Amino acid sequence: MKLKRRELLLFLGVGAATVAAGTFLATRKNLFAGKGLSFQPVKGAMPLDIDEIAPAQQIREYSTYEVIDDLVLPEGYTYDIVAAWGDKIGDSRFGYNNDYLSFIETGKDEGYLTINFEYISAIPWMQTYQQVTGKSLPFGEVQAAVKKAGKAGINAFGLPKEEEALKAKIRLLCTEALLDQGMGVISIRRDPDGKWVRTNSKADRRISGISGLGDNRYLKATGPGAAVFSKTQGQGYIDKLGDRIIGTFANCAGGTTPWGTVLSGEENFQTQVAEPVYADGTSFDPKERPFSIDDEEISGQGNVLGLAGNKYGWIVEIDPANPNDYGTKHTWLGRYRHEAVGVRVVAGKPLAFYSGCDRRGGHLYKFVSKAKVANPQDKANSRLLRDGMLYAAQFKPDGTGRWIPLKPDTPVNPTDPGNLEGNLLTLPKRPEGGIFKSEKAAEVNSFKQKFKTLGDLYAGNPQEKQGAILIDAHYAANAAGATCTARPEDTEIAPDGSLYVTFTSGSAGGEGGPDKRIFSGPKGESPWEYGWIMHLIEDNNEPAALTFKWKMLAMGGNPAEGGAGFSNPDNLVFDQKGNLWMVNDMSTTKQNNPKDKQGVGCFGNNSIWFIPTSGSHAGNAYLFGIGPMECETTGPFFTQDQQTLFLSIQHPGEVYGIRQNAAVETREFEMKTTDGQSFKQTRSVPLGSNWPSKNPNDPPKPAVVAIRRTNAQPII
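Since the model is a prediction, treat every value here as computed from it, not as a measurement.

## Some points on the packing of aromatic side chains
- Under the criterion given, the structure shown has 34 aromatic pairs.
- Seen in terms of ring centroids, Phe395 and Phe548 are 5.5 Å apart; in terms of plane orientation they differ by 70°. Their pairing is edge-to-face. One end of the pair, Phe395, is in strand S20 (residues 388–395); the other, Phe548, is in strand S27 (residues 547–553), with 153 residues separating them in the sequence.
- Looking at Phe548, the relative accessible area reads 1%, which means it is buried.
- Measuring from ring centre to ring centre gives 4.9 Å for Trp581 and Phe610, while their planes differ by 55°; the resulting arrangement is tilted. Separated by 29 residues along the polypeptide, Trp581 in strand S29 (residues 580–584) and Phe610 in strand S30 (residues 607–611) bring together distant segments of the chain. The same class applies to Trp581 as to Phe610, namely buried.

## Thoughts on the sheet that holds strand S28 (residues 569–574)
- The strand order across the open sheet formed by 4 strands is S28-S29-S30-S31, and the pairing between neighbours is antiparallel. For this open sheet the edge positions go to S28 and strand S31 (622–626), each flanked by a neighbour on one side alone. Looking at each pair of strands side by side, their axes are set apart by 25° on average, direction ignored.
- Alignment of S29 against S30, held across 4 bridges, turns out to be antiparallel. Across the sheet, Trp581 pairs through a bridge with Phe610, a residue of S30.

## A short note on the side chain of Thr426
- Here Thr426 is to be found in strand S22 (residues 425–428).
- With sequence-adjacent residues up to four places away left out, Thr426 is seen in contact with Ile435, Phe436, Lys437, His474, Tyr475, Asn478 and Glu511.

## Here's the deal with helix H4 (residues 139–149)
- Taken residue by residue, H4 has Phe139, Val142, Ala145 and Val146 as its buried positions. One face of H4 carries all of its buried residues, which in axial projection span an arc of 135°. Facing away from the buried side of H4, by more than 90 degrees, are the exposed residues Lys147 and Lys148.
- On its buried face, H4 sits against helix H3 (122–133), helix H5 (164–179) and strand S13 (292–293).
- Immediately downstream of H4, the backbone of Gly150 shows phi near 95°, a positive value.

## Comments concerning the environment of Asp243
- With respect to the helices, strands and loops of the structure, Asp243 is situated in the loop between helix H6 (224–229) and strand S11 (251–256).
- For Asp243 and Tyr218, which are 25 residues apart along the polypeptide, the C-alpha to C-alpha distance reads 9.4 Å.
- Excluding its chain neighbours within four sequence positions, the residues that come into contact with Asp243 are Leu219, Lys220, Ala221, Ala226, Phe229 and Ser230.

## Thoughts on the sheet that holds strand S15 (residues 315–318)
- Taken in spatial order, the 5 strands line up as S10-S16-S15-S12-S11 in an open sheet, and their pairing is mixed. A single partner strand is all that each edge strand has here, and the edge strands are strand S10 (220–222) and S11. Strand-to-strand twist across the sheet, computed as the mean angle between neighbouring axes with direction ignored, equals 30°.
- The pairing of strand S12 (residues 262–266) with S15 spans 4 bridges and is antiparallel. Bridged to Gly265 within S15 is Ile315.

## Details of a negative patch on the surface
- Where like charges cluster on the molecular surface, the negative patch consists of Asp294, Asp295, Glu296 and Glu297.
- Take Asp294: it is sitting in the loop between S13 and strand S14 (298–299).
- Note on Asp294: relative accessible area 39%, which makes it partly exposed.

Conventions used here
Residues numbered from 1 in each chain as written. Predicted model: local features only at pLDDT ≥ 70, side-chain atom pairs only at ≥ 80, totals over all residues. Heavy atoms only, no water. Phe/Tyr/Trp six-rings, centres within 6.5 Å; stacked < 30°, edge-to-face > 60°. Helix = DSSP H or I, 4+ residues; strand = E, 2+ residues; numbered from the N terminus. Buried < 20%, exposed > 50% of the residue type's maximum accessible area, 1.4 Å probe, protein only. Pairing = 2+ DSSP bridges. Axes fitted to C-alpha atoms, helices over the stretch in contact; angles between N-to-C directions. Contact = heavy atoms within 4.5 Å. Arc of directions from axis to C-beta. Patch = residues over 30% accessible without salt bridge, like charges linked within 9 Å, V, L, I, M, F, W, Y side chains within 5 Å. Areas by Shrake-Rupley, 256 points an atom, 1.4 Å probe, with all protein chains shown as cover. Salt bridge = Lys/Arg side-chain N within 4 Å of Asp/Glu carboxyl O. Lys, Arg positive; Asp, Glu negative; His and termini not counted. Charge placed at Lys NZ, Arg CZ, Asp CG, Glu CD.

What follows is the structure in structure tokens.
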């Protein structure tokens with residue numbers, strides 16, 4: 001079963017009549033000449049249907065392939081480095097692993113670029129830290145102490161006075177790691193040559209993982225969760241800061257509001273602080289997420305600082321133009337592993353904000369404000385985030401669905417684990433607090449008999465109980481019967497108000513897996529690792545609707561198996577012509593790995609894809625760009641004139657670190673032609689990265705780039 005252009009156009013809501021008849025020429029050199037496509041697609045690692053060449057020729061052209069350690073773009077396009085890790089921002093530095101980007105224009109050719117910094121990649125970060133920052137950290141001493149402590153790690157927060165020296169070293173290392181996470185605002189302008197340069201205004205600043213720690217730049221909180229933060233006594237750990245919050249970290253994707261604020265989603269916070277909570281919403285003790293460091297990961301960074309886990313996993317709002325704004329966490333939007341924020345703002349209607357929980361078995365959520373929007377551009381709209389309701393999606397196999405409110409009187413009705421990949425569902429554990437893993441229908445039935453509503457699972461006065469539900473949103477949603485999905489990543493609002501959602505991976509994991517009745521491949525295969533795009537339409541197109549319709553397109557996958565030629569779709573963005581742009585998120589260890597059992601390695605590096613929705617090429621997926629080695633391409637954002645596409649290049653060199661002496665390895669891959677014939681490919685793969693300088697033995701650095709055409713015309 002092939003992915004057809006007509007199927008994609010119908011999925012996108014574009015009439016199939018827009019697809020013109022005709023055939024392509026036989027060679028890549030002139031394949032797209034005169035066909036209306038404004039660029040010559042770059043050549044990826046595998047044959048694609050859009051090449052329109054015979055299988056025998058595919059084998060000849062793809063039997064060898066060279067991977068390049070650079071951002072590879074079509075002829076006539078170039079990129080400039082806007083900022084990279086270590087660059088100065090205000091009184092701090094540009095952080096690590098830049099992700100979501102938002103550009104708010106303040107005038108012609110100028111504005112504020114807001115950047116998320118998601119996490120640190122331990123190998124290149126430790127390897128290059130001193131070279132980039134000019135400072136040193138006690139990596140060796142701390143690693144030796146952790147190795148001596150064993151797999152359990154070190155509860156640095158609870159170290160006795162006689163080990164104060166070790167605690168100080170761990171604290172120094174962790175504060176530097178958290179400093180490189182969070183958010184940043186930089187002011188930029190376009191010079192006469194078309195390049196974007198920094199102007200270093202007073203608004204330039206960092207909101208990091210340690211903001212508030214010693215500088216009084218605490219983040220604020222709104223909504224019922226703040227009532228839990230303000231408790232002076234509870235079942236669990238309380239940090240005694242009330243509704244003040246130290247920092248933001250694990251900042252992945254986000255969204256931009258029509259009134260000029262930026263939303264940032266805290267995603268994999270559980271790596272640094274304890275995620276489970278008690279029935280009253282208070283945190284587990286910091287010792288439950290001890291500090292640990294090895295050659296590949298630094299975890300428990302919040303342990304030594306005594307950070308309360310319930311204060312992380314939120315959506316943060318900042319106003320880039322206000323130099324005194326260090327962020328507000330709106331607890332009505334829920335605590336879970338947030339990816340993007342789909343922002344729907346319609347005058348006279350409530351706000352509707354969508355976000356996904358990027359974990360295996362995570363849910364899709366919608367927040368609906370209690371009050372309605374008057375003027376979409378009014379900054380007072382931020383107040384609407386202080387009151388409303390959070391819903392979790394329940395998908396039915398017939399293409400319909402409903403939104404389940406996460407409130408005390410919502411019935412407890414979890415799904416049968418047998419419906420899920422991996423046969424695993426995690427549920428709130430009561431009265432002990434935390435969670436337990438259910439693998440059998442009998443366990444779920446017993447849970448339902450014991451607890452009738454979400455209110456039975458959570459404690460406190462009405463406001464505190466609602467806050468506890470929001471703090472424990474993922475597990476509360478599991479208890480309420482929300483659909484376990486396939487790692488929802490982007491949530492993008494289309495011009496017509498409908499929602500597009502990327503689900504990046506259909507495999508199961510240690511925390512759960514997607515519902516097999518909803519998430520399957522082109523021929524019903526399950527698990528389907530390679531990902532989907534879902535189109536969700538609210539009934540009557542109402543932002544506050546409680547029911548919806550949905551349809552799925554399994555776009556990820558090998559063309560021979562019905563896919564479009566990429567794996568693990570992630571961020572989406574529409575240009576002003578309605579074309580869809582997509583970047584993908586293949587696991588770093590799987591990229592160019594011929595031993596990957598799921599076959600993701602054959603797709604090469606993470607890339608940028610262009611899917612036109614009108615004209616003779618409508619419905620095809622074209623490879624616009626290929627990222628450097630071991631990176632993730634993420635955060636695409638267009639300027640209003642469409643002449644610049646901002647893009648984040650995250651964690652180049654994540655596996656091997658610095659590419660030493662132009663090191664390269666030759667690897668053999670089992671590949672397939674578009675009609676399924678097997679052939680061998682010899683692929684040369686650089687080991688590590690020297691991007692962005694591309695000079696031999698230079699350190700790899702995450703960076704933001706501005707992609708443009710050399711003729712100063714719009715990107716498309």
